[in-house]
Structure formats: C-alpha cells, structure tokens
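Overview (structure and organization)
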Amino acid sequence: MNPPAPSPEDDVHILPDGEDEGYHKGLGKRQIQMIAIGGAIGTGLFLGAGSRLQIAGPSLAIVYLVCGFFSFLILRALGELVMYRPTCGSFVSYAREFLGEKASFVAGWLSFLNWAMTGIVDITAVALYMHFWGTFEHVPQWVFALGAMGIVTSMNMIGVKWFGEMEFWFSLIKVVALSLFLVVGAAVLGLRVPVGGHTTGFHLISENGGLFPHGLIPALILTQGVVFAYSGIELIGTAAGECEDVRTVLPRSINSVIWRIGLFYVGSVILLVCLLPWTAYHAGVSPFVTFFQALGIPGIDTVMNIVVLTAALSSLNSGLYSTGRVLRAMSLGGTAPRFLSYMNSNSVPAAGIGLTVAIYLIGVVLNYIVPSQVFEIVLNFASVGIISTWIFILLSQIRLRQAITRGEIAPTGFPMPGAPVTAWLSLGFLVCVLFLMLCDYPAGTSTIAATPIIGAILALGWYMLRRK
C-alpha cells in the first residue's frame, strides 16, 4: 500500500521525480557485504584503541560493546527504511518523505559537513602515515594529501563498479588484518605463551586495577569518542540504491554486522588486555603493533601502517561516494543547487563529487599552512554531522513504523527489533553522547558551543533557498 497524498499544509511524503534514475545497479553481494563491514571498522580501532586503553583500561571493551549495540540498532532502523524503499538518496530521501523538506535540508547539509570534514581528516591521515617511511620524510605533507584525493576521486568518477571494487579490497585488508590478530592472539593465550615477559591470562586485568582502573567516569567520557569509531555504518543505505538484489542481500549484510562488531571490537580489546597489561599500550601507537613487537615479530609496524593507511583511504572513498549521491538527491528535491543533480556519462553524480573535492582542496591547503593542526580544526565538526545523521535515521524510522501501524504502508519484512522502544532508547543514547561531548572540555565543549552558529547558517540557507 502506498502512503497517502500529502495535504497542502504538510510537505511530508513529497518525493522528487527521478531520484534514482540514471544510476547503474553495479554493486553485487560481496561488495555490499564488505561495505557493511568496512563501515564499522576504521582507524578508531587500529590506531585509536591505544590511547583509549590508556584512558579507560579494560573497560574499553564494555564501552565498545554498548556503542556497538546502539550502532547496530541504528543500522537496523536504516535497514527497515531501505527495505521499504531502496534509494541512493538514503536518509535524506527518507527525511523528506517522513519529516518534511526542512528536515531533509538539514539532514543533507549536516551529512555533507560530516563527510567533508572527515575527508579532510582522511587525506591528512594518509599524508601522516606516508611519512612513517623514512624515504618520504622530506616530501611535504600536502603532496600526499593531494595525491590521495586525486586517486580516490578518479576511481569514483569512473563508475560505481570501481568504487565497489576499491571498497571491497580496502575492507578485505582490514578484515584480514584483524582476523590474523585474533587467530594469533587466541593461540598465544590458549598456549599460555609469555608475551613481553608477562604470563598471559585474565589475571592481567585483576592485577592491574580491574575493569575500571581509573573509575567509571573516564569510561563514560570516553563513550563520546568511541561512538564515532562506528561512523560510516550508514553508508550501506546509500549503496543499497545501486545494489543488484537489495532485498535479499541487505538483511544478511546488516545482521552480520552485530557479531562482527562483537568479534572485532570487543574481542580484540579483551584479547589485548589478556596478552599484555593494559598499561603497555600508549597513545599514538597501534595496540596491535605493541603486541606483535612484544612477540618479537619484525616489520609488523610496517604492515600495520599499511593497514591504517588502507582504513583512511577507505573512509575517504566512502565519503566521496556518499556525498555525491546525497547532494544529487537534495538537488532533485529542491534543497540544493540545481547543478548538483548533474551525472556524467558513467552514471556518476559528478557535480556533487566535484563540490566535495573542492572542500577537500581546502584540506590540502590547510595541510600546507598548518599541517600540525588540521585534525583539531575539522574533526569535532564532523562529529556533529554524524550524530545528526543518525538522529534523522531514527526519527524517519519512527514515522515509518507509525505509518505501518496505521495501515498506510505495508510491513517491510525487516523490522527494527523492539521498535519503537529501541528507537527512542537509541535517540536517548545519542542525546547522552552530545551531553558527554559538552563535558569534554575544551574540544567537545567548543564543538557543542558552535552548533548555534551552524544552525544559524542552515536557517539562512533555507531562507535564501525558499526565497529563490
């Protein structure tokens, strides 16, 4: 059953014509599955887990589990929306249908802010990782940033199939690296092989302050940082619009994410603190490198640097893909300039990708002017974008479920578990994350303090758009 026609007073349920016309169904089962996995695994685990273990100790596993659980619920909410109507416009299109044009406008531009800022972080990360090798230490940071941007942009412009292949291999490298650690770590733990002069086992947790060595507060504060390790999970909603058999592939791909989160994030942290005391891990050094170096395996730092380099390129690739589709959906819906609806001969939204690349060029300039401060300048603004994206996904799913309950829309066959209770709980969790950000002085506090400015810019943009 189709949704009812909107009343003149309500712009909910208004859909742009031809939103998905021109796209090729070029993404297959293996690519969608890897996109789902890759979206949940990033540099936050490979590199950031060292500093987080230093702050929270073994309780990091609990923080990862809680954040992963709510991330999975958000993904299931998106999955229900996709099964109702697959579209490359993803949450922007759903916000337009169920929440109205204003919501679509805000959701789209905040998502663009997220991925644009994340992309600048990613090209900066690539440049920093390249400087790991002494051969490149004298090459300016901006050169590598520009090179990374050029490679990923070219692959996205060729066609969705090439994006899918690139993301497949990027994600596969991350999965293989984590799987190798889990196998080796489990074998070392099971055989009781000493690591770095320590006997392995759960006693390393109890002998070093227990689960919460610094108390509960540091673990709570860390939640607002850990939750962003899962940013990118919503990419599968955009990719679903170009999937060959989305109604068969998507549910399996989404359901597999939860056990992978448990295995890769929670399992990895538990293994790490059972193989070495949590005090052995430090900020700026991958905990996986720390473990393998303690085993005396040479060259592991080079291997891990390749993995984190891959993770950064994967995020950059995904962001460019997502923003191109989102901006085109907004353009067709009237909430972005008309030129952003342009597609090239390869059925790629070239104008939207081009606008994103223009923002990335600002990042290249920042790498030239203030190479040591780029991360701090842009990272916090990306966090505002991702939280808002997840909020709009949940609000749209709540409206969809209400329409299903009223009999206006047929059931999707892939409902969000426990909805609407779980949807409201997830919203409450995201509000708590924003509060924890506010308490994280000075970075988080300044980010939340800047949201009224972002809101004012959005309000001005909406006014100018409607006036035009």
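Residues numbered from 1 in each chain as written. Predicted model: local features only at pLDDT ≥ 70, side-chain atom pairs only at ≥ 80, totals over all residues. Heavy atoms only, no water.

**Side note on the packing of helix α5 (residues 90-98) against helix α14 (residues 300-333)**
The test is simple: Here the axes come from fitting lines to C-alpha atoms, over the contacting stretch only for helices, and the angles between their N-to-C directions go from 0 to 180 degrees. Secondary structure follows DSSP: runs of H or I at least 4 residues long count as helices, runs of E at least 2 residues long count as strands, and numbering of each begins at the N terminus. Roughly parallel means an angle under 35 degrees; roughly antiparallel, over 145; roughly perpendicular, 65 to 115; everything else is oblique. What makes two residues a contact is simply this: any of their non-hydrogen atoms within 4.5 Å. Ten residue types, Ala, Val, Leu, Ile, Met, Phe, Trp, Tyr, Cys and Pro, are classed as nonpolar, four, Asp, Glu, Lys and Arg, as charged, and the remainder, Gly among them, as polar.
Taken N-terminus to C-terminus, the directions of α5 and α14 make an angle of 30 degrees; their axes are 8 Å apart at the nearest point. The pairing of α5 with α14 is recorded here as roughly parallel in orientation. On α14, the residues touching Phe-91, Val-92 and Arg-96 of α5 are Val-326, Ala-329, Met-330 and Gly-333. By residue class, the composition of the contact of α5 with α14 is 5 nonpolar, 1 polar and 1 charged.

**Some thoughts on the nonpolar core**
The tendency in soluble globular proteins is for nonpolar side chains to be buried side by side. Defined as follows: The criterion is simple. A nonpolar core is a set of buried Ala, Val, Leu, Ile, Met, Phe, Trp, Tyr and Cys residues joined through side-chain atoms within 4.5 Å. Only protein chains enter the accessibility calculation, which uses a 1.4 Å probe; a residue is then buried when its area is under 20% of its type maximum, exposed when over 50%, and partly exposed in between.
Of all hydrophobic cores here, the largest spans 149 residues; its most connected members are Phe-46, Tyr-64, Trp-109, Phe-181, Tyr-230 and Trp-390. In this structure, Tyr-64 is in contact with Gly-44, Leu-45, Ala-49, Arg-52, Val-226, Tyr-230, Tyr-265, Val-266 and Val-269, ignoring residues within four places of it in sequence.

**Focus: the packing of helix α8 (residues 160-190) against helix α13 (residues 287-294)**
Rule in force here: Working rule for handedness: look at the near helix, and if it is turned counterclockwise from the far one by less than a right angle, call the crossing left-handed; if clockwise, right-handed.
Taken N-terminus to C-terminus, the directions of α8 and α13 make an angle of 45 degrees; their axes are 12 Å apart at the nearest point. Between α8 and α13, the angle is such that the two are oblique. Between α8 and α13 lies a crossing of left-handed hand. Along its contact with α8, which presents Leu-178, Phe-181, Val-184, Gly-185 and Val-188, the element α13 presents Phe-288, Phe-291 and Phe-292.

**Observations regarding the environment of Val-326**
Inspection of the secondary structure puts Val-326 in helix α14. Taking the C-alpha atoms as reference, Val-326 lies 7.9 Å from Phe-112; in sequence the two are 214 residues apart. Excluding its chain neighbours within four sequence positions, the residues that come into contact with Val-326 are Phe-91, Val-92 and Gly-108.

**Remarks on unusual backbone geometry**
Of all residues except glycine, most have a negative phi; of all peptide bonds, most are trans. The omega torsion of the bond from Ala-419 to Pro-420 falls at 5 degrees, within 30 degrees of zero and hence cis. Note that Pro-420 resides in the loop between α16 (374-405) and α17 (421-439). Even without being glycine, Arg-192 reaches a positive phi, approximately 60 degrees. Note that Arg-192 resides in the loop between α8 and α9 (203-206). A residue is classified by how much of its surface remains accessible, and Arg-192, at 45% relative accessible area, is partly exposed.

**Some thoughts on the packing of aromatic side chains**
Quick reminder of the rule: Any two of the Phe, Tyr and Trp rings considered here, Trp counted by its six-membered ring, make a pair once their centres fall within 6.5 Å; the pair's planes then place it as stacked at under 30 degrees, edge-to-face at over 60, or tilted in between.
For the coordinates displayed, the defined rule picks out 14 aromatic pairs. For the pair Tyr-84 and Phe-98, a centre-to-centre distance of 5.6 Å together with 55 degrees between the ring planes defines the contact as tilted. In this pair, Tyr-84 sits in helix α4 (residues 60-84) while Phe-98 sits in helix α5, placing the two residues 14 residues apart along the sequence. By relative accessible area, Phe-98 is classed as buried at 2%. Between Phe-168 and Trp-169, the aromatic rings sit 5.2 Å apart at their centres with planes inclined by 90 degrees, giving edge-to-face as the arrangement.

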